[in-house]
Each structure stands twice: as structure tokens, then as C-alpha cells.
Amino acid sequence: MDRFMLPSGWIWTEEWMHSDSEKPKLVHFRRTLNTDKELSSFVINISADSRYRLYVNGNPVCVGPCKGDDAVWYYETVDVAEYMTSGENVIAATVLRYPTDGAYNHSVWRTKTPGLYLKGRLEFPDGTGEDITCDKQWKSRINRGTDIVSEMPYGGFLNINETAAGISELQGWTLPGYNDESWAGVKEYSGFSLPKSVSPGGLCPRPIPLMYETARKFAGVMAVRKSAHAAAEWEGMLRGGNAVTVAANTTEIVELNAGELTTGYLRLALEGGDGAEIKILCSESYAFPRENPTIFEHNPIKSDRTDWENGTLVGYTDVYTAGGFGTPESPEVYEPFWFRTFRFVRLEIAAGDKPLTVTGVDYRETGYPLEPVTTAAASDPDFAGIWDISLRSLRRCMHETYEDCPFYEQLQYAMDTRSQILFTYATAGDDRMARRTIDDFSRSQRPDGMINCCYPSYGPNIIPGFSIYYILMIHDHMMYFGDRELVRRYLPTIDGILEFFHRALDERGIVGSVGGIHIQKKYWSFIDWVDEWQAGVPKTGESGCITMESLLYIYGLMHAAELAEYAGRGGVAGEYRERAENVRKAIRKCCAGKDGLIKDSPDLEEYSQHCQAFAALTNTVTGEDAVKLMEAALDQESLAKCSVSFAFYLFRALEQTGLYHRTKPLWNSWREMLKMHLTTCVENGASGRSDCHAWGSLLLYELPAVILGVRPAEPGYKSVKVQPNLGYLDSAEGSVITPHGMVKVSVRNSDGAAISEISAPEGVKIVR
């Protein structure tokens, strides 16, 4: 056989028509296997374009593929022997296919070749085996009863919501004994049609662990808005003690409480009720909807997240129409394909001419299997609560990538991710996600040197300053893990970024206009969500210059110099340091304003904490002048203030200038989160859009790395710096993860002097 005609392991449904390519579609695949032998293993490699869920004998096994792009397409490897039985078995998968045109899901790549890929091998104890692949023995069916729809009428980031109808013919389709004679066949792709040089033909092994899935029950009922049943009856149904029947031609509305903001696969179990319509609204919190919101102001007004009496749940809705075929022995089950983000869920059930019985509502929590081991506490009574919501935020913003937020976008942004990676190192010492993230962003680099501000992303989106956070990401990895080869691999990406800024220097020696408001300019010069700024961009004069972009350039040069030096490229390091000093001089000359403050733009008398913090961090202003600068940043109310996202860098500047003791009031944003009964950290102020943004998980770094003072003293953690900084605190203690094991620190103030007790694994070099 011609090698180009050899089976590729990829198939697609024969039902597919051209019109099916215009909208997202769910396609089911199944194959029956018969084996009477005992299995020692059944290892499967599986992938799909665009997404799949794998089942074995009705058991959900895994979801994938790990998000890639047009250059790298991943497959998962799983051993499914534990799900197999003697006799008839079924391997099944649902594939969600996104069209190649249109926005749809921004973080999911797709190619011109929709398909399911599977290759596996049954291994028997006697050493024999049997190969299994996607071939003509598979059957397929397009799910015509489910439409994948946008979460917002004017378009959204995800496009994962569903308008679905129960189809009796699909009942039990993942199980043995199901009759699939009416299903369509499949077409096989040849090796010629799927070249290995491009996606999805060139498959790569998944670089991170599979997501975990854990069965959960709702904590209880938050509110019964309209029902013939008391809250206790709904509570009993949630616990599995009884069912709830909605009478024919009636509507009931109940709001469920998960107990915390979470991510999971929702599941409803139903009996009867043909034609009943169930609206499932997932929400982060109770809030107050805006009247006539604009596209850029659609987020609700929030205060107490649990105020069900005065607020309403605002979120995204799935609509399911019951098929009426559920029985006590075999309930009708509805489970949306994609995981949902929710703290509260509102069920609005409108029964038709027949009563509908709800026998169960639960979910399987999912996320990256983060295993935090660092423990820490301090004398500030709010820190325990802040640590709790911070750690939960980090967990909820980790799936196949780091995420800005699980509810709205599920996109991996460089600024967010740099902080999230540090929080992961400090609490779990895990760099698996970080390594694939560093590679992700490198593949997004444009010819001009810029990387996408979020990636994987199906379309372009550039924030110039975010490319600098990517450099910091690699520097952090160097300090914690000392992988010199990783540094060398990505130095060309770093140099491309820095060359972009170097070419953008104007006649004054500062970075000229490289962006602006995202709807007006090629690139978006976002710095931080600040009330006084439009779309996160500082005000500029006629030149459009933003001082923060020059300061970020210096900061990138400083860290890149250390990376180049570590890689043995001292000449490059020297060049970067010379460039940095030249830009410092230019900023001092044309951006210095009143009282020695650094202006947001050389053309305007506008000031922010951001520029003062980075002037100190970049050594543009040093010594006692830097101290005065940071004191003014805290004391002068007229300065634009750093939001939650930028607090990390404000704290670093205060630490560097010896003012860390002044951080106490800066934690008020987090104290407000606790007061408003949040279970995760907000994106932007206590009334911000997203209730779960892990760039706000600041305490996960501050407590172990700064207050307890455990940080790498040199690349690869060859020595451990233990230099506690209590600031305003009376005491702190904890056990912090390092590559050498746990380092325990206890520190307290006694008569104005700090007393520290330190214990570390034998042989660990401690620098104090």
C-alpha cells in the first residue's frame, strides 16, 4: 500500500455536510469491542479537532486535547483497562467541532480537518495483544438536538453554552448493548491528507497532567423563588434522599448554592416530563444588573455576593428540553459538554403537559491537579481568610492553561500568568504548567517581535507591555529551577521582544507610541484597570507616549541581562544593561515632574503609583530619592492607584525601598473581599467584573517568599535565601516548599528586633 494511503488513526463522520461546518457541532463516535481475555493494560492515545470527551462502558475517562495551536497539536495517553469487562465493551467519544471562521471559542484552535484520533493496544497477561485504532469499525452520529451558542447576544469569548433537547434514540449510547445500526459510518483520513508537519497531523504528547474530576453535591438551596415545594424538599433531592416533581403546566424556580465558586460538569437526572423546558443559569454571585448595559459595560454591579434577598443571579444560561424518556431505572441525564463556572445555579423548570420529576442535580468538580504543600500564617487576623480565597482562586484559574478567569474568558494572559506561575512555585513547587506556558507564548511571536498577550488564542491580541511579563516568567523559572537549556531555547524570543521596543525609541530615547486604546489602535497599551484611565490605558499627550512602556522595557532588559549571563552570553547581557541605562537617563530627562515624581507621559502632568513603583524597581530613581518617591506614591491621594492586578509590583517597590511596613492598608482590598463574602479574589476592585482572577492571589507569594523570606538566592535554588520581612506584623510562621524540601521559618518581633527560627533539610545552604 502507498505510504500516503496508510490509515492515520483519524476519522470523521460520513454524515458531515458543508452546512455543518458553519456552526459548532457535537458528534458522537462509538466502537464495540469483544474480549473474553483478562487484560493487563489497554493504553489509548487520543486526540480530536476541536475537543473530545472519552467514555469507556459509560464511564467518563478524560477530556482533551490539551490546548495547542497550528504548530503543536496534543494527544492524551490513558490506560482504560480498569473500565473494561469480559465480553462486550464500548469505546465512545463526543467531539465538539468549532468552525474555522468566526470567533467562537477564542482559546481553542481548529484546523480544516475535523476529526477524532485514537490508537491503542490491548495487552494480555500472556504477552499477546491487539491493536485498536479509529477505522471503519467505528460508527458516528451528529447530535442534531444540541446547538452550541454564544454566552452573550453580541458575541462572547467562549461559545460553550447549549440549547439542547433530549433524544430518546441516544439514551445509553456509550454503553454496551446499545443498538447503533441506524448510525452513520465514518471516513478515514490518510497520511497524505494529514501531514505530520502541521496540526493536527503532527501530534505531540500532552505536557501536563490530566484534569482531575471529583463528584460533588451542592451545599444546599440558596433561595426558592417560585415553587410548590419547600426548600427542605429541594435539599433532600440534592442529598439523594427524595425526588422533586414539577406538576404539569407549572413553573418552579430554585437557586442552588455550591458553597464556593467552583468549576465543574453539571449533571441533571430526570424522569418523564416530555417537553419540559429547563433553564440552567450559572452565576458567580448575586448582583444588580445594569440598566441598558453597553457592550463594554455588561458586567453587573456587585456588593455582598450572597445577598439573595436584594440581588439577582446574573450569568450564562443553558436551555434543555426534556425528551420525557427517563425512568427510575434509567433516568434521562443532561450534562453540558464543557465545564461550567459557578457558585450559584438557578433552575427555572417549566413543565409541559406532563409532570417532570427531578431525581438529581450535582456536578463533577474539575481543574488542574495542583497539590499545594506550603503552609503559612501570620498575626494579621485577616490573612487566614485571604490565604483561603487566594488558593482557591489559583486552583480555579488552572485548567489546561492558566486562565485570566474561568467564568468569562478562560484565556491565558501573560501578565496574569507570570504572577500565577510564581504563586504556583511558592505553594506547590510545580513547574509543569509553567514550562508549557513558556513554550505557548514563544510560538505566538509575531514578525515584529511581539507575542500575543494571551495564548493559545485563535486570533491576534497584542498588549506590548505583556511581552515584558513573559521575560519575567522565564527569569522566575531560572531562579527556581535553573534550567539553562530552557533559558537558551527562549533567548531568541526574548531578543525579538526587546528589539521591538528598541526600534520604537523616539528621538528623546524613550519608547514612543506603540499602542493606545484597543478599539482605536493596532495594539492595546493596557497597563492596569484604573478608574481614571480609559480601558486601562494612561492618559497621553499628542505624542501618545506612555512612560510605563519605557519603564517596562527597562525592567525587561534588566531581567534579560541576567538570563543572557546565565546562558553564557555575557556580551549580550552587557548590551542589554547599556540599553537600560540609556532609557533611564532619557526618562529622568523628559518624564520627571513635580516633587521628583515620574509622569505617566512626558507630555502631561498626570501621575500614578505605577510609574513611581517601576521607577524604583528599574533603578531609574534610587536611594533616598526612591524612598521619597514611594512615600509620595502612598501619601498623595491625587495619584492613580494600583489595582489588585498591579499590587504585586507595588509591593515589590515598597520592599525594595524599605517601606514594606506600610503595606497594611494595601490589604484592605482583600479585606473588602472577605467582607463581601467572596470565596475567590476579584479581577478589579470588590465590585469588579470577574469574581475569580488569580492575579489577585498575592498572599500566596507575600507570606512564604517575603514575610517568611524564603526565596532562591541564586539560579536553580542552589542556595536558599531566608530573609524574613515582617513589615507591620508581629509574627509569622510556616513551612515553604523548595526544590530541596520544606524550609520551616518562625519569626516574631521582640522589643523591636526580629527573632527567627529556621530549619531546613540537611545540606541546604541558607543565605540570611
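Criteria and cut-off values
- Residues numbered from 1 in each chain as written.
- Predicted model: local features only at pLDDT ≥ 70, side-chain atom pairs only at ≥ 80, totals over all residues.
- Heavy atoms only, no water.
- Helix = DSSP H or I, 4+ residues; strand = E, 2+ residues; numbered from the N terminus.
- Expected span 1.5 Å × (residues − 1).
- Buried < 20%, exposed > 50% of the residue type's maximum accessible area, 1.4 Å probe, protein only.
- Contact = heavy atoms within 4.5 Å.
- Pairing = 2+ DSSP bridges.
- Axes fitted to C-alpha atoms, helices over the stretch in contact; angles between N-to-C directions.
- Parallel < 35°, antiparallel > 145°, perpendicular 65-115°, else oblique.
- Left-handed = near helix turned anticlockwise from the far one by under 90°.
- Nonpolar A, V, L, I, M, F, W, Y, C, P; charged D, E, K, R; others polar.

## A closer look at helix H10 (residues 623-635)
Since there are 3.6 residues in each turn of an α-helix, residues three or four apart along the chain are aligned in direction. The end-to-end C-alpha distance of H10, which contains 13 residues, comes to 19 Å, matching closely the 18 Å that a straight helix rising 1.5 Å per residue would cover. Among the residues of H10, those classed as buried are Ala626, Val627, Leu629, Met630, Ala632, Ala633 and Leu634. Tucked into the core, H10 has its buried residues touching helix H9 (609-617) and helix H11 (647-656).

## Notes on the pairing of strand E7 (residues 87-97)
The element E7 is largely enclosed, with a buried count of 10 among its 11 residues. Taken together, the 11 bridges between strand E2 (residues 25-35) and E7 define a ladder with antiparallel strand orientation. In the sheet register, Thr35 faces E7, and the bridge partner there is Gly87. Where strand E4 (residues 51-56) lies against E7, six bridges are found, and the strand directions are antiparallel. Within E7, the residue paired with Val56 across the bridge is Ile91.

## Let's talk about the sheet that holds E2
Spatial ordering of the open sheet is given by E5-E4-E7-E2-E10, a layout of five strands whose pairing is antiparallel. In this open sheet, the two strands that pair with only one neighbour each are strand E5 (59-64) and strand E10 (139-142). Across the sheet, the mean angle separating the axes of adjacent strands is 20 degrees when strand polarity is ignored. The sheet contact formed by E2 and E10 spans four bridges and is antiparallel. Counterpart to Val27 in the pairing with E10 is Ile142.

## Comments concerning the packing of helix H6 (residues 484-503) against helix H7 (residues 547-566)
With their axes 10 Å apart at the nearest point, H6 and H7 run at an angle of 150 degrees to one another. With respect to H7, the axis of H6 lies roughly antiparallel. In the packing of H6 onto H7, the handedness of the crossing is left-handed. Mapping the contact onto sequence places Arg484, Val487, Leu491, Ile494, Leu498, Phe501 and His502 in H6 and Glu549, Tyr553, Gly556, Leu557, Ala560, Leu563, Ala564 and Tyr566 in H7. The residue inventory of the contact of H6 with H7, partitioned by class, reads 11 nonpolar, two polar and two charged.

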